[in-house]
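What follows is each chain in one-letter form.
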Amino acid sequence: MSQLVHLVLGDNKFLGYIVDYFETVRPKQNKVVVFGERTNLLEAANLQYADETDWDRLFAEATGCVTHCLLPEQAEVIKRIPKELPLAWIWFGAEYHNFLPEFRHDLFDPETARIVVGLDRARKRAHSRFGDLFLRTLGNVSRPWRMHGRNQLLRRAMRRSDLMGILFDEEFKLVQNRIKTTGLQSPVTYYNIDETVCRDGGQVTQLEKLGTNILLGNSGTPANNHAEMMRFLAGCKADFGKVVVPLSYGDVRYRDHVLDLGQQILGESFAPMTTFMRREEYNAKLSSCGIVIMNHRRQQAVGNIVTALWQGAKVFLRPESTVYQFLTRIGITVFSVERDLLSSGSPKDALTALSDDLVAENRSRLSMLFGKDQVVNRFREMADQLDRLHEIRTQDVK
């Protein structure tokens, strides 16, 4: 009988989905190991904590391992995985876009880049006030080496992965080219429309008229490039309600800077969201936004984007984002931030609602990708692939 080991971060918002999906395709054949924060899901599933785990014994009994995201603490454990044990890495994006220099160099627009540099300098000045000169000097000299070691650890773990869990080819090829991975793509996603968007017991909801607000970004991270878009919206003279800006997680210093800047630029039109909400509350907030602008250059906010499209919003994305490239390739109607908004010549016309026909067409295409049955079947195929790889490798060892 197969047994899968799952490496999961304690603050992983998809933890419930992970347990549900894999218990559906491999009932009672999953060991979920949580790193860091304790979770109230521990009693409801077969979970244990990393700091209490006998890794050698766990891996000896396993037929496959799945790491959900891949941060340094997970990469340290992956070093201990036996060669014959296949590894699947389900991508979040932060593990390479936020850590590896080959991805970080082109994330920010000019003003946001200046903000990031200023915040980094402020951090360094704050640190320099503490500790003696020798320790500070030692820390400054060793920091690049520590980062280099961490990055190499991550790259080795990523290259060790046999299956790469990412739905869209565009992101898979981007990472494959930059990190030189050799694993096979496994097109999984945690996100399913039936449970994440639909209400009334999971029944597909009818189209509803959305509000006049604009949703800008998905988090308090610089990759959202908030400053540039807030300035554009303040000066575009279009008719809209509030600019809703989710800031409930991310970099605290950057979030505080955006809170101040948003108030300065947008005044009463600025509506930040700084506390976590239940999914139903968040979706209700999202439904007040007929326009959604994601100013990321990288893959980010996929769940927000799919939810907004399903609800009928007009969504603007950066064309260099692999999410934009993926959605346009499969026939989803989304719009370019540069071409259709910034350079449109008529922001007032650009910031108008999507037609009912286009909303219905988007929903139809999304259903084929993000229906729960389709999502579960892709996880089943991932588990089957891990079983096949394990069988081949154990035969080779014999």
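Sequence positions are assigned chain by chain, starting from 1 and proceeding in written order. Predicted model: local features are reported for residues with pLDDT of at least 70 only, side-chain atom pairs are reported and counted for 80 or more only, and whole-chain, interface and lining totals are derived from all residues. The basis for the side-chain values is all heavy atoms of the structure; hydrogens and waters are excluded.

## Structural notes on the overall build of the protein
A count of helices and strands for the protein gives 18 helices and 13 strands. Partly exposed describes any residue whose relative accessible area lies between the buried limit of under 20% and the exposed limit of over 50%, with all areas from a 1.4 Å probe on protein chains only and scaled to the type maximum. A burial count over the protein gives 52% of its 398 residues as buried. Within the structure as shown, the protein displays about 19100 Å² of accessible surface, and the carbon and sulfur contribution to it stands at 52%. Starting at the N terminus, helices and strands are each numbered in turn, a helix being any DSSP run of H or I of at least four residues and a strand any DSSP run of E of at least two. A 1.4 Å probe and the Shrake-Rupley method give the accessible areas. Residues count as covered only by the protein chains that appear here.

## What to know about the environment of Q74
Along the polypeptide, Q74 turns up in helix α3 (residues 72-78). If we ignore the near neighbours within four places in the chain, the residues touching Q74 are L7, V8, L9, F35, T67, H68 and C69. Here a residue-residue contact requires only that any non-hydrogen atoms of the pair lie within 4.5 Å.

## A closer look at the pattern of salt bridges
Think of a salt bridge as a Lys or Arg side-chain nitrogen and an Asp or Glu carboxyl oxygen that are within 4 Å of each other. Going through the model one piece at a time under the given rule, you end up with 24 salt bridges. For the salt bridge of E361 with R365, the shortest nitrogen-to-oxygen distance reads 3.6 Å. Placement of the pair is E361 and R365 together in helix α17 (residues 356-370), with a separation of four residues, close to one helical turn. The exposure class of E361 is partly exposed, given its relative accessible area of 36%. One salt-bridge network, in which partners are shared between bridges, spans D109, R297, R318, E320 and E338.

## Comments concerning the confidence of the model for the protein
Mean pLDDT over the protein works out to 89, with 90% of the residues at or above the 70 mark. The low-confidence segment residues 130-142, where pLDDT is below 50, has five contacts with residues more than four positions distant or belonging to other chains. Below a pLDDT of 50 lies the segment residues 199-204, which in the model reaches nine contacts outside its immediate sequence neighbourhood of four places, other chains included. As a per-residue measure, pLDDT reflects the predictor's confidence and takes values from 0 up to 100.

## What about the packing of helix α13 (residues 302-311) against α17?
Axis lines are fitted through C-alpha atoms, for helices just across the contact stretch, and the angle between N-to-C directions can take any value from 0 to 180 degrees. One can describe the packing of α13 onto α17 by two numbers: an axis separation of 9 Å at closest approach and a directional angle of 135°. Put simply, α13 runs oblique to α17. In terms of crossing hand, the pair formed by α13 and α17 is left-handed. In this structure, α13 uses V306, L309 and W310 to contact α17, whose residues at the interface are N362, R363, L366, S367 and F370. Ten residues, namely Ala, Val, Leu, Ile, Met, Phe, Trp, Tyr, Cys and Pro, are considered nonpolar, four, namely Asp, Glu, Lys and Arg, are considered charged, and the remaining ones, Gly among them, are considered polar. For the contact of α13 with α17, the class distribution of residues is five nonpolar, two polar and one charged. Roughly parallel here means an angle under 35 degrees, roughly antiparallel means over 145, roughly perpendicular means 65 to 115, and every remaining angle is called oblique. Left-handed describes a crossing whose near helix is turned anticlockwise from the far helix by less than a right angle; the clockwise case is right-handed.

## Some words on the pairing of strand β2 (residues 30-35)
Within β2, five of the six residues are buried, which leaves it mostly tucked inside the rest of the structure. Here, the term right-handed applies to a crossover whose path from the first strand over the helix to the second runs clockwise when the strands point away from the viewer. Handedness of the β-α-β unit built from strand β1 (residues 4-9), helix α1 (residues 15-25) and β2 comes out right-handed.

## What about the nonpolar core?
For our purposes a nonpolar core is just a set of buried Ala, Val, Leu, Ile, Met, Phe, Trp, Tyr and Cys residues, chained together by side-chain atoms within 4.5 Å. Among the nonpolar cores identified, the biggest contains 67 residues, and L7, W55, Y96, I305, V315, L317 and L327 are the most heavily contacted of them. Residue contributions to this core peak at five residues, all from α13. Aside from chain neighbours lying at most four places away, what touches I305 is M294, Q300, V315, L317, V323 and L327. Counting 30 residues, the second-largest nonpolar core is a separate cluster that includes A227, M229, F316 and L341.

## Brief notes about the sheet that holds strand β10 (residues 270-273)
Hydrogen bonds between backbone atoms are what pair the strands of a sheet, whose relative direction is either parallel or antiparallel. Each pair of strands is called paired provided DSSP finds at least two bridges between the two strands. One open sheet accounts for six strands, arranged β10-β9-β8-β11-β12-β13; its pairing is parallel. The open sheet has two edge strands with one neighbour each: β10 and β13 (335-336). Pairing analysis gives two bridges linking strand β8 (residues 213-216) to strand β9 (residues 243-246), with the strands arranged parallel. When the bridges of β9 are listed, L215 appears paired with V244. Running over the sheet, helix α10 (residues 226-235) touches β8, β9, β10 and β11 (289-294) and is turned about 160° from β8.

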